[in-house]
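# Structural features, examined
Listed below, chain by chain, are the residues.
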There are 2 protein chains.
Amino acid sequence: MSDFQPDERLARDSDLLTKIGLCELRLMKDKRWPWLVLLPQRTNVSEIFELTPLDQTMLTFETVLVAEALKKVTGATKINTGALGNIVRQLHVHVVARSEGDANWPGPVWGHGTAEPRTAEETKAFAAKLLDALTP
Amino acid sequence: MSDFQPDERLARDSDLLTKIGLCELRLMKDKRWPWLVLLPQRTNVSEIFELTPLDQTMLTFETVLVAEALKKVTGATKINTGALGNIVRQLHVHVVARSEGDANWPGPVWGHGTAEPRTAEETKAFAAKLLDALTP
């Protein structure tokens, strides 16, 4: 794990909120949607099936944990999860809170328009709410 | 499980290939991409976190199994997996083989253009290859 470095583009486009077991939990710098990314701290992995079975189970567990907290905090209509990686090949899982009438609803968030960054205060407030919901 | 019925839209837009443990494995009627859907045979579930922990682990296991077989059969650049459900609320997981230069590459498949159906023979040939790759 010591060699692990987040992909440069992911690091630029998101803020690290915390580390939970396997993954870094990151918040995308885009306030159009509450959009999180789980980044397994493993090197040279781009497909879920390249993780060990234990890591696969951990990733599922952490995805579920984060999705549930995000649903609670946002009251969203639907949580969207996805591992695409067509641009950034380092394995990462998107967890996005979607609500009727949001940008590109009911289409996907990926590749749609241009990111709208939060202020530092907005980021701090959102992170605090989410981390609180993640703490049992 | 006896009450389980696939959502009408999913049933119309995809063909049942087989059942593997928890999920129906279905092939989308769209030859622009090799596009599979895993449909857990559970009622009234729209989010992964609403599944029991055992079902969550089964779903991960089956997703990985199918993703690896799809990669093997297609030689795709990247497998895309996603659980969106903004339109069809019944929980389902997309597993899509993506290759550089395919329709909407590197963007997502969801919501892009219009499906191009396979002939019955093309469906049969694809299904046979995939099921063969799924059999140890």
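Residues numbered from 1 in each chain as written. Chains lettered and ligands numbered in written order. Predicted model: local features only at pLDDT ≥ 70, side-chain atom pairs only at ≥ 80, totals over all residues. Heavy atoms only, no water.

### Notes on the relation of the copies chain A and chain B
- Mapping chain A onto chain B calls for a screw motion: a turn of 180 degrees about the axis and a shift of 0.0 Å along it, with 0.0 Å RMSD after fitting. Classification of the inter-copy transformation places it as that of a two-fold axis. When C-alpha distances to the rotation axis are compared across chain A, the minimum falls at Gly 82 of chain A, with a value of 1.9 Å.
- In this assembly the copies share their binding face: 100% of the residues contributing to the interface of chain A also contribute to that of chain B. (Least-squares fit on C-alpha atoms with pLDDT ≥ 70 in both. Contact = heavy atoms within 4.5 Å.)

### A look at the packing of aromatic side chains
- Going through the model one piece at a time under the given rule, you end up with three aromatic pairs over all chains.
- Ring geometry for Trp 110 of chain A against Trp 110 of chain B: centres 5.7 Å apart, planes inclined by 45 degrees, an arrangement best described as tilted. Of this pair, Trp 110 of chain A sits in the loop between strand E5 (93-98) and helix H3 (120-134) while Trp 110 of chain B sits in the loop between strand E5 (93-98) and helix H3 (120-134), which puts the two residues in different chains. The burial state of Trp 110 of chain A is the same as that of Trp 110 of chain B; both residues are buried. (Phe/Tyr/Trp six-rings, centres within 6.5 Å; stacked < 30°, edge-to-face > 60°. Helix = DSSP H or I, 4+ residues; strand = E, 2+ residues; numbered from the N terminus. Buried < 20%, exposed > 50% of the residue type's maximum accessible area, 1.4 Å probe, protein only.)

### Here's the deal with the UniProt feature "domain: HIT" (unreviewed entry) in chain A
- Here the UniProt feature "domain: HIT" (unreviewed entry) sits at residues 36-105 of chain A.
- Secondary structure across residues 36-105 of chain A divides into 31% helix and 24% strand, with the first and last C-alpha atoms of the span separated by 17 Å. (UniProt positions renumbered as here; feature names shortened; annotations may be inferred.)

### Quick look at the interface of chain A and chain B
- Opposite the 29 residues of chain A that make contact, chain B presents 29 residues.
- For the chain A and chain B pair, buried surface summed over both sides reaches about 2,600 Å², with 58% attributable to carbon and sulfur atoms.
- Area buried by chain A at its contact with chain B is led by Phe 49, Lys 78 and Asn 86 of chain A, which between them contribute 25% of it.
- There are two salt bridges connecting chain A and chain B.
- Of the charged contacts in the structure, one is a salt bridge between Lys 78 of chain A and Glu 47 of chain B, with a shortest N-O distance of 3.0 Å.
- Here chain A is connected to chain B by 17 residue pairs in polar contact (both at pLDDT 80 or more). (Buried area = accessible area lost by both parts, 1.4 Å probe. Salt bridge = Lys/Arg side-chain N within 4 Å of Asp/Glu carboxyl O. Polar contact = N/O pair within 3.5 Å; in protein donor to acceptor, adjacent residues only side chain to side chain.)

### Some words on the environment of Glu 62 of chain A
Residues and elements named next belong to chain A.
- Looking at where Glu 62 falls in the secondary structure, it is placed in helix H2 (residues 53-74).
- Classification of Glu 62 as buried rests on a relative accessible area of 3%.
- In the structure, Glu 62 is positioned 41 residues away from Gly 21 in sequence and 8.1 Å away in space, judged by C-alpha atoms.
- Ignoring sequence-local partners within four residues, the contact set of Glu 62 consists of Ile 20, Gly 21, Leu 22, Cys 23 and Leu 38.

### What to know about the sheet that holds strand E2 (residues 23-28) of chain B
- Pairing within the open sheet is antiparallel, and its ten strands lie in the order E1(A)-E2(A)-E3(A)-E5(A)-E4(A)-E4(B)-E5(B)-E3(B)-E2(B)-E1(B). Every other strand in the sheet has two partners, leaving strand E1 (14-20) of chain A together with strand E1 (14-20) of chain B as the edge strands with one partner each. Averaged over neighbouring strand pairs, the angle between their axes works out to 20 degrees when direction is ignored.
- Pairing geometry for strand E3 (residues 35-40) of chain A and E5 of chain A, over four bridges, is antiparallel. Residue pairing for E5 of chain A: Leu 36 of chain A is matched across the bridge by Val 95 of chain A.
- Its contacts with the sheet put H2 of chain A on E1, strand E2 (23-28), E3, strand E4 (78-83) and E5 of chain A, and the angle it makes with E5 of chain A is roughly 20 degrees. (Pairing = 2+ DSSP bridges. Axes fitted to C-alpha atoms, helices over the stretch in contact; angles between N-to-C directions.)

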